[in-house]
There are 2 protein chains.
Amino acid sequence: MKWCGMFFRGSLCCVLFVFFCYAQEAGDFQPATTNVWGAEYPKVDSKGRVQLRVKAADATKVRINFWSGPKAEMTKQADGFWTFTTPPMVPGLHYYNFVVDGAEATDTGSQSFFGGSKYASAVEVPEPGTTFYTMKDVPHGQVREVWYNSKVTGTWRHAMVYLPPSYESQIKQRFPVLYLQHGGGEDETGWIRQGRANIILDNLIAEGKAKPMIIVMAYGYAKRAGQPAPAVTGPPGNSPDRMKAMQEMFSAFEDDLTQALIPFVDKTYRTLANRENRAMAGLSMGGMQTYQITLKHLDLFSHIGGFSGAAGFLSADQKMNPKTDYNGVFADPAAFAKKVKLLWLSIGTAEPERMRAGIHRLHDALTEAKIQHVFYESPGTDHEWQTWRRDLHGFAPRLFQK
Amino acid sequence: MKWCGMFFRGSLCCVLFVFFCYAQEAGDFQPATTNVWGAEYPKVDSKGRVQLRVKAADATKVRINFWSGPKAEMTKQADGFWTFTTPPMVPGLHYYNFVVDGAEATDTGSQSFFGGSKYASAVEVPEPGTTFYTMKDVPHGQVREVWYNSKVTGTWRHAMVYLPPSYESQIKQRFPVLYLQHGGGEDETGWIRQGRANIILDNLIAEGKAKPMIIVMAYGYAKRAGQPAPAVTGPPGNSPDRMKAMQEMFSAFEDDLTQALIPFVDKTYRTLANRENRAMAGLSMGGMQTYQITLKHLDLFSHIGGFSGAAGFLSADQKMNPKTDYNGVFADPAAFAKKVKLLWLSIGTAEPERMRAGIHRLHDALTEAKIQHVFYESPGTDHEWQTWRRDLHGFAPRLFQK
């Protein structure tokens, strides 16, 4: 009887153990939080693996194409669907599409996010235990869509504006402003839809970690009124023509931001309309734009952030000359520190080596020039939104503190 | 000399005439206004023809699939692109996608709009001479994104809110509210992104034709806390299971709207929080929801609009019984007219016959029951956004006038 019981318990343990191993292997896949209503795929498990599925009954070749992740052939199943399961992916939001017999196809199960100069699919891989970008039961600010008439571009331009929770209740109060820019191929919706900037700020403000502030997110591409659009879309590259087009576009955006958008924002909202209460940050291309614009307009900005960007001007064989580069703003470290209350520079540790090298060169050059700055490395994240969410989470609490 | 001149002039005329004919035939194709930055295709000409192009080098069959428009094989060109030119299409916004060897693919050149329970491409065909939905140099209201915590669904829900231009300047004033719903397979962004509701209202208000009002656009799909999502997505149909799921979903949305959203809106904004100053309208499925919710809650609403919808409850062999249907609200026409200041019913003349027949049956039934209502037919437009833009343009000026 005793033996029998032991045998029974032993068998049960064995069965449970096998089941546990199987469950671990098969995964605990759930529909991604970035799916549209009712869509079963893509699915994500607790290891960060992603299961993808697409119907393409008559196709001969279907590939999965993660922009920073697997690019691989999918497998055709008997039911006409093609499937693929990724290895564990780093937490965050991963852009992807399918390539069906040479044609790009988004995943109809996924929400659509503007990236890569087009609408793309993306899957959210949760970061276990991390809630700084999770919607919580705290007071929520509002995101507004605004249109401003830009004399620079000769067009109505669309921007997103985050107002902190107290903006509505404290109707006599004025607020500082952070201008926050998207990356290349993205648009003004990126920081809300992909980055969750509003949720990050709601949570920081509720915890008393960040000052209530307004965030303005503009469209970083611009062309001057009456001019053709600079050819800066398409695959990135450093051809002279493309670099020239980028500079034209940057210059038009600089004027749009400083001459049209800032006056519009200061007129429309209860802002603290001075340099001490105005910050700018951006990711990737937006980081380059931030450095270019703010360092040229220190009369307008006092806090500066370059997230995985900002290093564009220093190539491998160049050394920064603090006396002349950026109009010599780095020539006098004490004077700079007095004017610029925060200079933030960052990169994810899993970003491509070329990008890491560029940011490190800038970090070293600033250190050598004795320019006070914060250098942040996001552990284990790539040139993707998780890096930039963490950037914002670290950057915002340091704003407008003096 | 005289002959010579005549001959010359004749030749010139002839050349010009031939050129004119050619230009007419070749079209004056321009990139659509709904394209992403820099995208050349799709193109639209002044006749409303649309040129489409998609790269699918290795595909054996590519189809264009307009949801209310051409469904046809595209032609493979030597460069690996597939092309198609539509016949002239009616003005408005037309959803479409490509089907590449059996897989759905959006057009990377197009913006992405949520419709058909997924993100789809769409092309705007302009209506010559029509500017009521064109962005003009008039005061602009703001569109806000809000999140409200719904006890009904047990989730944070996202809604869009339009505030009229004077909301910011007239800080003592309170405003009436229109609840405006999207159609089946769409979401709360539809009325702004596809419908241009904010621009339509900006223009009407600037012309003094509509009262300044708040518009609230909610997500019309809902499930009760702890319940599985009713299976109402996928291809439409009238199976008993689907109808039951629709009713469950409608019922959850009714409670969400009346118990969570309206209190949130009245708490958050300076509203005139009474039935006289509250309207509801919706398109297609949203029209059905509007009729169902408002006629059950006449304590909450006084103005009602069903745009290409609302007729769901009357099948071909049914006759409305005003004494019993909708809890008998149609039993006493005089009492109804005293309570309901506006009952709007509409359909596009180019909509599918089945839909037209349903709306006409309702119109006839209301007429027979002596229920005062406005019946509007949008000339030449289909079950698409141009019909609903015109609806809003006709409906909004009639709101909150008494």
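Residues numbered from 1 in each chain as written. Chains lettered and ligands numbered in written order. Predicted model: local features only at pLDDT ≥ 70, side-chain atom pairs only at ≥ 80, totals over all residues. Heavy atoms only, no water.

**Description of the sheet that holds strand S6 (residues 75-76) of chain A**
Each strand in a sheet pairs with another by means of backbone hydrogen bonds, the pair being arranged parallel or else antiparallel.
All names here are of chain A.
Here comes step 1: Pairing within the open sheet is antiparallel, and its five strands lie in the order S1-S2-S3-S7-S6. A single partner strand is all that each edge strand has here, and the edge strands are strand S1 (30-31) and S6.
Here comes step 2: Bridge analysis of S1 against strand S2 (residues 43-44) gives two bridges, and the strand direction is antiparallel. In the strand pairing of S2, Gln-30 is matched with Val-44. (Pairing = 2+ DSSP bridges. Helix = DSSP H or I, 4+ residues; strand = E, 2+ residues; numbered from the N terminus.)

**Brief notes about the pairing of strand S4 (residues 62-66) of chain A**
All names here are of chain A.
Here comes step 1: Burial runs high along S4: four of the five residues are buried.
Here comes step 2: The sheet contact formed by S4 and strand S8 (residues 92-100) spans five bridges and is antiparallel. In the sheet register, Ile-64 faces S8, and the bridge partner there is Phe-98.
Here comes step 3: Looking at chain direction, S4 and strand S5 (residues 71-73) are connected through three bridges and run antiparallel. By the bridge assignment for S5, Asn-65 is matched with Lys-71.
Here comes step 4: Hairpin geometry of S4 and S5 is characterised by an intervening segment of four residues between the two adjacent antiparallel strands. (Buried < 20%, exposed > 50% of the residue type's maximum accessible area, 1.4 Å probe, protein only.)

**A look at the relation of the copies chain A and chain B**
Both copies of the chain are related by a screw-like operation: a rotation about an axis and a shift along it.
Here comes step 1: Take chain A, turn it by 180°, move it 0.0 Å along the axis, and it overlays chain B with an RMSD of 0.0 Å. One copy is carried onto the other by what is essentially a two-fold rotation axis.
Here comes step 2: A share of 100% of interface residues in chain A that are also interface residues in chain B marks the association as one of identical surfaces. (Least-squares fit on C-alpha atoms with pLDDT ≥ 70 in both. Contact = heavy atoms within 4.5 Å.)

**Here we look at the domain arrangement of chain A**
All names here are of chain A.
Here comes step 1: Split by domain assignment, chain A resolves into domain 1 (32-125) and domain 2 (142-398).
Here comes step 2: Taken together, the contact between domain 1 and domain 2 spans 18 residues of the former and 15 residues of the latter.
Here comes step 3: Of the roughly 1,300 Å² buried at the junction of domain 1 and domain 2 (both faces included), carbon and sulfur atoms supply 41%.
Here comes step 4: Area buried by domain 1 at its contact with domain 2 is led by Ser-68, Leu-93 and Phe-114, which between them contribute 35% of it.
Here comes step 5: The tally of links between domain 1 and domain 2 comes to two salt bridges.
Here comes step 6: The salt bridge involving Glu-124 is made with Arg-389; its shortest N-O contact spans 2.8 Å.
Here comes step 7: Here domain 1 and domain 2 share ten residue pairs in polar contact (both at pLDDT 80 or more) between them.
Here comes step 8: Listing elements by their share of the side of domain 1 that touches domain 2, those giving two or more residues are S8, strand S10 (112-115) and strand S11 (118-125).
Here comes step 9: Residues that form the side of domain 1 that touches domain 2 fall into these classes: seven nonpolar, nine polar and two charged. (Domains from an automatic or database assignment. Buried area = accessible area lost by both parts, 1.4 Å probe. Salt bridge = Lys/Arg side-chain N within 4 Å of Asp/Glu carboxyl O. Polar contact = N/O pair within 3.5 Å; in protein donor to acceptor, adjacent residues only side chain to side chain. Nonpolar A, V, L, I, M, F, W, Y, C, P; charged D, E, K, R; others polar.)

**Here we look at the interface of chain A and chain B**
Here comes step 1: The interface of chain A with chain B comprises 49 residues on the first partner and 49 residues on the second.
Here comes step 2: On the chain A side of the contact with chain B, Trp37(A), Tyr119(A) and Trp156(A) bury the most area, a combined 19% of that side's loss.
Here comes step 3: Put simply, chain A and chain B have two salt bridges between them.
Here comes step 4: With a closest N to O distance of 2.9 Å, Glu168(B) and Arg144(A) form a salt bridge.

**Section: the packing of aromatic side chains**
Here comes step 1: Enumeration according to the criterion identifies 40 aromatic pairs over all chains in this entry.
Here comes step 2: Consider the rings of Trp37(A) and Tyr221(B), whose centres lie 5.6 Å apart with planes at 45°: the pair is tilted. In this pair, Trp37(A) is assigned in the loop between S1 and S2 and Tyr221(B) in the loop between strand S15 (214-217) and helix H5 (240-268), connecting two distinct chains.
Here comes step 3: Classification of Tyr221(B) as buried rests on a relative accessible area of 5%. (Phe/Tyr/Trp six-rings, centres within 6.5 Å; stacked < 30°, edge-to-face > 60°.)

**What to know about the packing of helix H5 (residues 240-268) of chain A against helix H6 (residues 285-296) of chain A**
All names here are of chain A.
Here comes step 1: Where H5 contacts H6, the axes come no closer than 10 Å and their chain directions differ by 60°. Between H5 and H6, the angle falls in the class oblique. Judged by the twist between their axes, the crossing of H5 over H6 is right-handed. Where H5 abuts H6, its residues Met-246, Gln-247, Met-249, Phe-250, Phe-253, Glu-254, Leu-257 and Thr-258 lie against Met-285, Met-288, Gln-289, Gln-292, Ile-293 and Lys-296.
Here comes step 2: Residue classes in the contact of H5 with H6 are distributed as eight nonpolar, four polar and two charged. (Axes fitted to C-alpha atoms, helices over the stretch in contact; angles between N-to-C directions. Parallel < 35°, antiparallel > 145°, perpendicular 65-115°, else oblique. Left-handed = near helix turned anticlockwise from the far one by under 90°.)

**Description of the side chain of Ser166(A)**
Here comes step 1: Looking at the secondary structure, you find Ser166(A) in helix H2 (residues 166-169).
Here comes step 2: Not counting residues up to four positions away in its chain, the partners in contact with Ser166(A) are Phe175(A) and Pro212(A).

**Remarks on the sheet that holds strand S7 (residues 81-85) of chain B**
Residue and element names in this part refer to chain B.
Here comes step 1: Taken together, the five strands give an open sheet; going across it, the order is S1-S2-S3-S7-S6, and neighbouring strands pair in antiparallel fashion. One side of each edge strand has no neighbouring strand; the edge strands of this open sheet are strand S1 (30-31) and strand S6 (75-76).
Here comes step 2: Of the strand pairs in this sheet, strand S3 (residues 50-55) and S7 are connected by five bridges, and their pairing is antiparallel. Residue pairing for S7: Lys-55 is matched across the bridge by Phe-81.

**Quick word on the pattern of salt bridges**
Here comes step 1: For the structure on display, the rule yields 36 salt bridges over all chains.
Here comes step 2: In this structure, the salt-bridge partner of Arg356(A) is Glu377(A), at a minimum N-O distance of 2.9 Å. Taken as a pair, Arg356(A) in helix H8 (residues 353-368) and Glu377(A) in strand S19 (residues 374-378) lie far apart in primary sequence, 21 residues in all.
Here comes step 3: When its relative accessible area of 29% is taken as the criterion, Glu377(A) is described as partly exposed.
Here comes step 4: Among the salt bridges present, the one from Glu124(B) reaches Arg196(B), with a minimum N-O distance of 3.9 Å. Note that Glu124(B) is positioned in strand S11 (residues 118-125) and Arg196(B) in the loop between helix H3 (190-193) and helix H4 (197-206), a separation of 72 residues in sequence.

**Overview of H5(B)**
Here comes step 1: Between its terminal C-alpha atoms H5(B) stretches 40 Å, which fits the 42 Å expected from 29 residues at 1.5 Å a residue.
Here comes step 2: By the largest-angle criterion, Leu257(B) marks the main kink of H5(B), which is about 35°. (Expected span 1.5 Å × (residues − 1). Bend = angle between axes of the 7 residues up to and from the residue.)

**Describing the environment of Gln259(B)**
Here comes step 1: Mapped onto the secondary structure, Gln259(B) falls in helix H5.
Here comes step 2: With 107 residues separating them along the chain, Gln259(B) and Val152(B) place their C-alpha atoms 7.6 Å apart.

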